[in-house]
Amino acid sequence: MIPLKLIPVLWILCLLLVQFSSSSQVSISLSSRSIPKSGDPITIRWSGVESPSQLDWLGIYSPANSSHPDFIGYVFLSKSPEWKSGSGSITIPLINLRSDYQFRIFHWTESEINPKKQDHDHNPLPRTKHLLAESETVVFEPGRGPEQVHLALTGQAGEMRVMFVTHDGKESFVRYGLTRNKMGKVVDTRVSRYEREDMCDAPANESVGWRDPGFIHDGIMVGLEDGKRYYYQVGSDSGGWSTAYSFVSPIKDSSETIAFLFGDMGTATPYSTFVRTQKESISTVKWIKRDIEAIGNKPALISHIGDISYARGYSWLWDNFFNQIEPVASKVPYHVCIGNHEYDWPLQPWRPEWAYSVYGTDGGGECGVPYSLRFNMPGNSSEPTGTRAPATRNLYYSFDLGVVHFVYFSTETDFLSGSKQYEFLKNDLESVDRNKTPYVVVQGHRPMYTTSYETRDLPFKERLQEHLEHLFVKNKVTLALWGHVHRYERFCPLNNYTCGSLGANGEEWKAFPVHLVIGMAGQDWQPIWQPRPDHLTDPVFPQPIRSMYRAGEFGYVRLNANKEKLTLSYIGNHDGEVHDVVEIMASGQVLNGHAASADGSNADGIAVMGKLNSKLSWYVMIASILVLGAFVGYVLGFISRSRRSAASEAQWTAVKSEET
């Protein structure tokens, strides 16, 4: 006979055996245990899940020995059409994080949701209490060469910088030449990296966010001839060579400039994770890739003005970002300036009292470190972090490309009168040779002007206008481009909230800067437009006269300039077409800055998108006439029938209606 005091113990053992038996019945298998390169897919199959829940989920882990809560992402099993049967499969692409992967299946039900454990989007994060199965490990095949290849200008003629990542930091090279089969020139690379201890705050310095970033290589191709297509590879004989890439070298005194510009793009992942990722970034890269291919053998530039990867302390999202942009960043130089989501943290060195609502924790504890080391922009600007972290770099710089002088500056570090950055901007703008580069394009992250209802940044905008606007106006800056607000908005030629005259009717005009907000490349969170001051809660958003065109469509802008005229076009991601255009003469005169020409307006004054650069074909015109004829015939028939019906009825009752 079993002693009474042992019965509870035996009962617990039975429960554990049942749970183990149930868990052991779940099987998980992989389509492959090795992956050739980043972006290649793997299929995960499972079976034997008893009483499946809609919240059962597949955890993605790298490295494979990560603890259960430290996944890099998750996918609900219900994504598979067969999930209710307890079996199914999911296929996802993997990014090389220089460590092995493992997949784990967990059971999770609605009763176990913890409302205090949420992701950035306020969705409950899955729990890891009930593990059902673990997969074997997956590795990336060695010897395939480096990844995350991207170019940048150095500011010197005849040069092009290339950066990439390896897993071990061993000696690597760049080989290049004018033909794919003859890359006879070879240059060495400099290697750098950062550590977990360099991060300034959570989650960047915690196990949930930190992953080894690999080794960052930096090489400069020199002796380039103007306007030639060069082919190049990166890597080594021992570690393997990358695929062959190509770019067109800049032309020193070119009479044409082509650039693709945007802010706030981020990256897209095939899984959910701790922070929101940016699915729309896929379309932005797709259309820019199309445009690069269309210009053929012409040099170009990509400009990304802040909020780069939106990693925010989850380091594998930087790897995801660089893998995503490689198809374009390996073809044309990719230039950046710093945004709040690369830098801001509670103890940042410059945080004046008026900025208490401006600078917060948006950087996720990265304090600019990944941004500073993964990119290398021209110039030598830097600011100490006040910690063991390396100094923050790539803050402000400028260069000429064709007929445009491009200027980048930081809205996250001191820009007030007397600061190093202010003096740089003042000296730089005053020294531009307008005969060589008649257009000056200044770029920063947080906007000087926007009609978005973002009250927290009001103290910042006031300082930006007080300290920098007079420099822009005095030195006849052509364009001031901003991100941060995740929409597109174009203003009139502007000074102190006042539109300048265009001189269209012979009146005197002044070359005021045209401000544009172009933070619409991927991130989709955005506050409302500025409402009426006396009706803040009503969904009516009048468009101020200074705002010529604004839209919520994702996209980017395309710049094309020659000695006579600069044309800036807004490309919408939903169709890849032009939806707004502004033209500015070399003299500074804005040709069409007072209206989104050829576009209508909706009820609240926001310009309705239209394809400004397409001509209506005869087919469309004929079809329109036919449709109009059919509509007129329908109306006449309806009126005739209504009259006959009214004449035949003795009485009718009106339906009550109320205006809303």
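Small disclaimer: the values here were computed from a predicted structure and weren't measured.

Novice: I would appreciate a short explanation of the state of the cysteines in the present structure.
Specialist: By definition, a disulfide links two cysteine residues through a covalent bond between their sulfur atoms. Taken as a whole and judged by the stated rule, the model has 2 disulfides. The side chain of C200 participates in a disulfide bridge whose partner is C367; the two sulfur atoms lie 2.1 Å from each other. With the S-S bond torsion at 80°, the cross-link from C200 to C367 turns out right-handed. Within this pair, whereas C200 is found in the loop between strand 14 (190-192) and strand 15 (215-221), its partner C367 is found in the loop between helix 4 (340-343) and helix 5 (369-374), the two being separated by 167 residues in sequence. The side chain of C492 participates in a disulfide bridge whose partner is C499; the two sulfur atoms lie 2.0 Å from each other. The sign of the S-S torsion, about -90°, decides the handedness of the disulfide formed by C492 and C499: left-handed. Take C499: its relative accessible area is 25%, and that puts it in the partly exposed class. For the protein, numbering the cysteines in disulfides from first to last along the sequence yields the connectivity 1-2, 3-4.

Novice: Even after reading the chapter, I still don't get the side chain of S135, so can you show me in this structure?
Specialist: Among the structural elements, S135 can be located in the loop between strand 8 (130-134) and strand 9 (139-140). With residues up to four places along the chain from it excluded, the contact list for S135 reads I28, L30, Q102 and F103.

Novice: Quick question: what am I supposed to make of the environment of I28 here?
Specialist: The topology assignment puts I28 in strand 1 (residues 27-30). Relative accessible area serves as the criterion here: at 16%, I28 is assigned to the buried category. C-alpha separation for the pair I28 and E134, spaced 106 residues apart in sequence, amounts to 6.8 Å. For I28, the contacting residues outside a window of four places in its chain are I44, R45, W46, L58, F103, I105, A133, E134 and S135.

Novice: I would appreciate a short explanation of the environment of R33 in the present structure.
Specialist: Topologically, R33 is positioned in the loop between strand 1 and strand 2 (34-35). Sequence separation between R33 and F140 is 107 residues; the distance between their C-alpha atoms is 8.5 Å.

Novice: Sorry if this is basic, but what is going on with the packing of helix 2 (residues 281-295) against helix 3 (residues 316-329) here?
Specialist: Contact geometry of helix 2 with helix 3 gives a least axis separation of 9 Å together with a crossing angle of 15°. Viewed along their axes, helix 2 and helix 3 adopt a mutual orientation that is roughly parallel. The hand of the helix 2/helix 3 crossing is left-handed. From helix 2, S281, I282, V285, I288, K289 and I292 reach across to helix 3, where they touch Q324, P327 and V328. Split by residue class, the contact of helix 2 with helix 3 holds 6 nonpolar, 2 polar and 1 charged.

Novice: Explain the packing of aromatic side chains to me, please; I cannot follow it from the model alone.
Specialist: For the structure shown, the criterion picks out 41 aromatic pairs. Taking 6.0 Å as the distance between ring centres and 25° as the angle between the ring planes, the aromatic pair formed by W318 and F322 counts as stacked. Taken together, the residues span about one helical turn, with W318 and F322 both in helix 3 at a distance of 4 residues. For W318, a relative accessible area of 0% corresponds to the buried category. In this structure F322 comes out as buried when scored by relative accessible area, which is 1%.

Novice: For this particular structure, what's the right way to read the sheet that holds strand 15?
Specialist: For sheets, the rule is that strands pair by backbone hydrogen bonds, running either parallel or antiparallel. Spatially, the 4 strands line up as an open sheet ordered 10-11-15-14, and their pairing is antiparallel. Across the chains shown, the open sheet's two edge strands, defined by having one partner strand only, are strand 10 (147-152) and strand 14. Ignoring which end each strand starts from, the neighbouring axes of this sheet average 20° apart. Taken together, the 4 bridges between strand 10 and strand 11 (residues 160-166) define a ladder with antiparallel strand orientation. Within strand 11, the residue paired with A152 across the bridge is R161.

Novice: What should I look at first to understand the confidence of the model for the protein in this one?
Specialist: Low pLDDT means the predicted coordinates in that region are not meant to be read closely. Here the protein shows a mean pLDDT of 87. Residues at 70 or above account for 85%. Note on residues 594-660: pLDDT under 50 across the span, and 55 contacts to partners over four residues away in sequence or across chains.

Novice: What's the story with the sheet that holds strand 34 (residues 578-585) in this structure? I'm lost.
Specialist: Strands sit in the order 21-20-19-32-33-34 across an open sheet of 6 strands; the sheet is mixed. Strands at the two margins of the open sheet, each flanked by one partner only, are strand 21 (334-337) and strand 34. Recorded for the sheet is a direction-independent mean angle of 20° between the axes of neighbouring strands. Relative to strand 34, strand 33 (residues 565-572) runs antiparallel, the two sharing 7 bridges. Within strand 34, the position partnered with S569 by the bridge is V581. Here helix 2 sits on the sheet in contact with strand 19 (256-262), strand 20 (301-305), strand 32 (555-562) and strand 33, set at roughly 25° to strand 32.

Novice: Even after reading the chapter, I still don't get the packing of helix 6 (residues 420-430) against helix 7 (residues 458-474), so can you show me in this structure?
Specialist: A pair of packed helices is characterised by two quantities: the angle between their axes and the separation of those axes. Two elements in contact, helix 6 and helix 7, have axes separated by 10 Å at closest approach and are oriented at 10°. The orientation of helix 6 with respect to helix 7, classified from their angle, is roughly parallel. The segment helix 6 lies against helix 7, with Y422, L425, K426, L429 and E430 engaging H467, L468, H470, L471, F472 and K474. Here the residues of the contact of helix 6 with helix 7 are counted per class, giving 6 nonpolar, 2 polar and 3 charged.

Novice: Would you take a moment to explain the pattern of salt bridges for this structure?
Specialist: Opposite charge on two side chains permits them to pair, given that their charged atoms come into close proximity. Taken as a whole and assessed by the stated rule, the structure comprises 25 salt bridges. Between D319 and R98 there is a salt bridge, with the nearest N and O atoms lying 3.0 Å from each other. One end of the pair, D319, is in helix 3; the other, R98, is in the loop between strand 6 (88-93) and strand 7 (102-107), and 221 residues separate them in sequence. Its salt-bridge partner being D319, residue R374 comes within 3.9 Å of it at the nearest N-O pair. Of this pair, R374 sits in helix 5 while D319 sits in helix 3, and the two are 55 residues apart along the sequence. Given the relative accessible area of 2%, R374 is considered buried. Owing to a relative accessible area of 2%, D319 belongs among the buried residues under this scheme.

Calculation rules
Residues numbered from 1 in each chain as written. Predicted model: local features only at pLDDT ≥ 70, side-chain atom pairs only at ≥ 80, totals over all residues. Heavy atoms only, no water. Disulfide = S-S within 2.5 Å. Helix = DSSP H or I, 4+ residues; strand = E, 2+ residues; numbered from the N terminus. Buried < 20%, exposed > 50% of the residue type's maximum accessible area, 1.4 Å probe, protein only. Contact = heavy atoms within 4.5 Å. Axes fitted to C-alpha atoms, helices over the stretch in contact; angles between N-to-C directions. Parallel < 35°, antiparallel > 145°, perpendicular 65-115°, else oblique. Left-handed = near helix turned anticlockwise from the far one by under 90°. Nonpolar A, V, L, I, M, F, W, Y, C, P; charged D, E, K, R; others polar. Phe/Tyr/Trp six-rings, centres within 6.5 Å; stacked < 30°, edge-to-face > 60°. Pairing = 2+ DSSP bridges. pLDDT = per-residue confidence, 0-100. Salt bridge = Lys/Arg side-chain N within 4 Å of Asp/Glu carboxyl O.

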